[in-house]
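Fold and contact review
Here are the chains, one letter per residue:
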Amino acid sequence: MNLVRGLYSALMLGAQPLLRAKLRRRGETEPGYRVAVPERFGHYETAEGGAGPNPQEADSGPLVWIHAVSLGETRAAAILLNELRSQLPGMRLLLTHGTATGRAEGAKLLRPGDVQVWQPWDTPGAVGRFLGRFRPAIGVLMETEIWPNLVAGCQRRGIPLVLANARLNDKSLAGARRWAWLARPAYAGLAAVWAQTEGDAERLRAAGARVEGVFGNLKFDVVPDAALLAQGRAWRDASPRPVVLLASSREGEEALWLAALQAKRPAAQAASAHDAPESIASSAVQWLVVPRHPQRFAEVRERIEAAGLSVSSRSSWTGAPGTADVWLGDSLGEMALYYGLAHAALLGGSFAPLGGQNLIEAAACGCPVVTGPHTFNFAEAARLACEAGAALRVADMAEGVATAQALVQDVARLAEAQQRAQAFTAAHRGAAGATARAVVQRLRPTGAA
């Protein structure tokens, strides 16, 4: 181990108590963070425990390790996994995550013989125990996850480690350059990188990575859950008002949205602290809010009710959503239902400087998007969507609210935008097949293909 990585490893080892404390705090609101904590440090249960069967003892196909840190990466991994199972019959999956939402979503992807554990904390000991325990035939990191000891450990054991659906924005590249003594060897140590866009490829090369292909974004290959989409559309058709969704909202954005609604009141009404809810919520639009993180569901509901609005939460729906001022999407794994329920959506994460969320799923569901100015995490997808007429970009939340309301009340314009949204995703499919073929090719020298 070189001196630089030795110092980094010492810092990571020293930070373990802080990680454990953080997990305890997060576990108070998200119990998933309390599950199998020893796995994060490379300690696994027996075959009867949470880590499942010992994969190196199985007689079936290659063990393909996919690391999907959180919810979005796990959904992208699901798209790739469908192609991999088709091209690698008999493969087994080793699936790792860093967040509770990612792990919960990933559990849906498992088949008999598959294994799901936490990503090991990036110390030589934890990484060594992880790789020694599972011995994957290949490792596939999703999108952005680069860890120096993980890369070095795979290199020592001859495990090809690749970065798929790779993206790197300007801010992250600046950070990689600032810490080049640590980041550059990690990027250079990857066996292959397959980028989403040419811009991502350029930045990844500048960081030291060997980019072997630009395959596009896996999320364009998403197929929305047909049952959820149909249920959402049925509820949308039954709504007396057009539905506008604030999708995957992040902290601070609900306040911006409520302020935009408040500003629309007539000046005379604004002077009263006891206005009826209808004076705040536009009577022409039914609002639906789906926060990005489940630990904020209760907080968001309280904030909306404090503004004088009635709320109907998805968790309490037994049939149609009801007649509340705001519908609150407080469930996981149902974005297809929410996009089906909405005529148009405001893109969360883009109205505060957070980089935006994935708008491709919305487009695949035929839901046009109004995005704010901050889309640096998905810059190319947002640019292409705007050019295709599947999305509209605005300067701030106030303009976003006004634009979305105007769009859903213009029947002809809305129908055209919905058609353009679906055409946009159809035009960019193919990344899943190309990535799966590249993974299979990487396995062939080991005889595992």
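Residues numbered from 1 in each chain as written. Predicted model: local features only at pLDDT ≥ 70, side-chain atom pairs only at ≥ 80, totals over all residues. Heavy atoms only, no water.

In the annotation of an unreviewed UniProt entry, the entry for the protein reads 3-deoxy-D-manno-octulosonic acid transferase, and the organism field reads Paracidovorax wautersii. Quoted straight from UniProt, the Sequence similarities (unreviewed entry) entry for the protein says "Belongs to the glycosyltransferase group 1 family." What UniProt records for the protein under Pathway (unreviewed entry) is the sentence "Bacterial outer membrane biogenesis; LPS core biosynthesis." (UniProt positions renumbered as here; feature names shortened; annotations may be inferred.)

Turning to helix α2 (residues 16-29), a few remarks are in order. End to end, α2 covers 21 Å across 14 residues, agreeing with the expected 20 Å (1.5 Å per residue, within 8%). All of the buried residues in α2 are Gln16, Leu19, Ala21, Leu23 and Gly27. Of the surrounding elements, those touching the buried residues of α2 are α1 (3-14). (Helix = DSSP H or I, 4+ residues; strand = E, 2+ residues; numbered from the N terminus. Expected span 1.5 Å × (residues − 1). Buried < 20%, exposed > 50% of the residue type's maximum accessible area, 1.4 Å probe, protein only. Contact = heavy atoms within 4.5 Å.)

On to the packing of helix α7 (residues 170-178) against helix α9 (residues 198-207). Two quantities define a packed helix pair, namely the angle between the helix axes and the distance between the axes. With their axes 9 Å apart at the nearest point, α7 and α9 run at an angle of 10° to one another. As summarised for this structure, α7 and α9 are arranged roughly parallel, according to the angle between their axes. Of the residues in α9, those touching α7 at Asp170, Leu173, Ala176 and Arg177 are Arg203, Ala206 and Ala207. Broken down by class, the residue content of the contact of α7 with α9 amounts to 4 nonpolar, no polar and 3 charged. (Axes fitted to C-alpha atoms, helices over the stretch in contact; angles between N-to-C directions. Parallel < 35°, antiparallel > 145°, perpendicular 65-115°, else oblique. Nonpolar A, V, L, I, M, F, W, Y, C, P; charged D, E, K, R; others polar.)

What follows deals with the confidence of the model for the protein. Per-chain confidence: the protein averages 91 in pLDDT, with 91% of residues scoring 70 or above. Note on residues 267-274: pLDDT under 50 across the span, and 5 contacts to partners over four residues away in sequence or across chains. Predicted confidence is poor over residues 276-282, with pLDDT under 50, and the contacts of this stretch with residues over four places away or in other chains come to 14 contacts. (pLDDT = per-residue confidence, 0-100.)

Bringing a positive patch on the surface into the picture now. Taken together, the side chains of Arg20, Lys22, Arg24 and Arg25 present a region of like positive charge at the surface. Structurally, Arg20 can be placed in helix α2. (Patch = residues over 30% accessible without salt bridge, like charges linked within 9 Å, V, L, I, M, F, W, Y side chains within 5 Å. Areas by Shrake-Rupley, 256 points an atom, 1.4 Å probe, with all protein chains shown as cover. Salt bridge = Lys/Arg side-chain N within 4 Å of Asp/Glu carboxyl O. Lys, Arg positive; Asp, Glu negative; His and termini not counted. Charge placed at Lys NZ, Arg CZ, Asp CG, Glu CD.)

So, about the domain arrangement of the protein. Examined at the domain level, the protein breaks down into domain 1 (23-42 + 59-221 + 430-443) and domain 2 (226-263 + 280-428). Spacing between the C-alpha centres of domain 1 and domain 2 amounts to 30 Å. Between domain 1 and domain 2, the residue contacts involve 16 residues of the former and 16 residues of the latter. Summed over both partners, the interface of domain 1 with domain 2 comes to about 1400 Å²; 59% of that surface belongs to carbon and sulfur atoms. The largest share of the area that domain 1 buries against domain 2 comes from Arg75, Lys219 and Phe220, three residues that together contribute 40% of it. Where domain 1 packs against domain 2, one counts 0 salt bridges. Applying the counting criterion to the domain 1 and domain 2 interface returns 2 residue pairs in polar contact (both at pLDDT 80 or more). The set of elements that each furnish at least two residues to the side of domain 1 that touches domain 2 consists of α2, α3 (71-87) and α4 (100-106). With 3 residues, the top contributor of residues to the side of domain 1 that touches domain 2 is α3. (Domains from an automatic or database assignment. Buried area = accessible area lost by both parts, 1.4 Å probe. Polar contact = N/O pair within 3.5 Å; in protein donor to acceptor, adjacent residues only side chain to side chain.)

With that settled, consider the sheet that holds strand β3 (residues 115-118). Taken in spatial order, the 7 strands make up an open sheet running β3-β2-β1-β4-β5-β6-β7, and their pairing is parallel. The two strands at the open ends of the sheet, each matched to only one other strand, are β3 and β7 (211-214). Neighbouring strand axes in the sheet, compared pairwise and without regard to direction, differ in orientation by 20° on average. The strands that helix α6 (residues 148-157) touches are β1 (63-67), β4 (138-142) and β5 (161-166); relative to β5, the one it contacts most, it runs at about 130°. Sheet contacts for α9: β5, β6 (192-195) and β7; angle to β7, the most-contacted strand, approximately 170°. (Pairing = 2+ DSSP bridges.)

Turning our eyes to something else, we now look at the pattern of salt bridges. One pass over the full model with this rule turns up 17 salt bridges. For the salt bridge of Glu30 with Arg26, the shortest nitrogen-to-oxygen distance reads 2.9 Å. In this structure Glu30 comes out as buried when scored by relative accessible area, which is 8%. Taking the relative accessible area as the measure of exposure, Arg26 reaches 27% and is therefore partly exposed. Between Glu380 and Arg383 there is a salt bridge whose closest N-O contact spans 2.6 Å.

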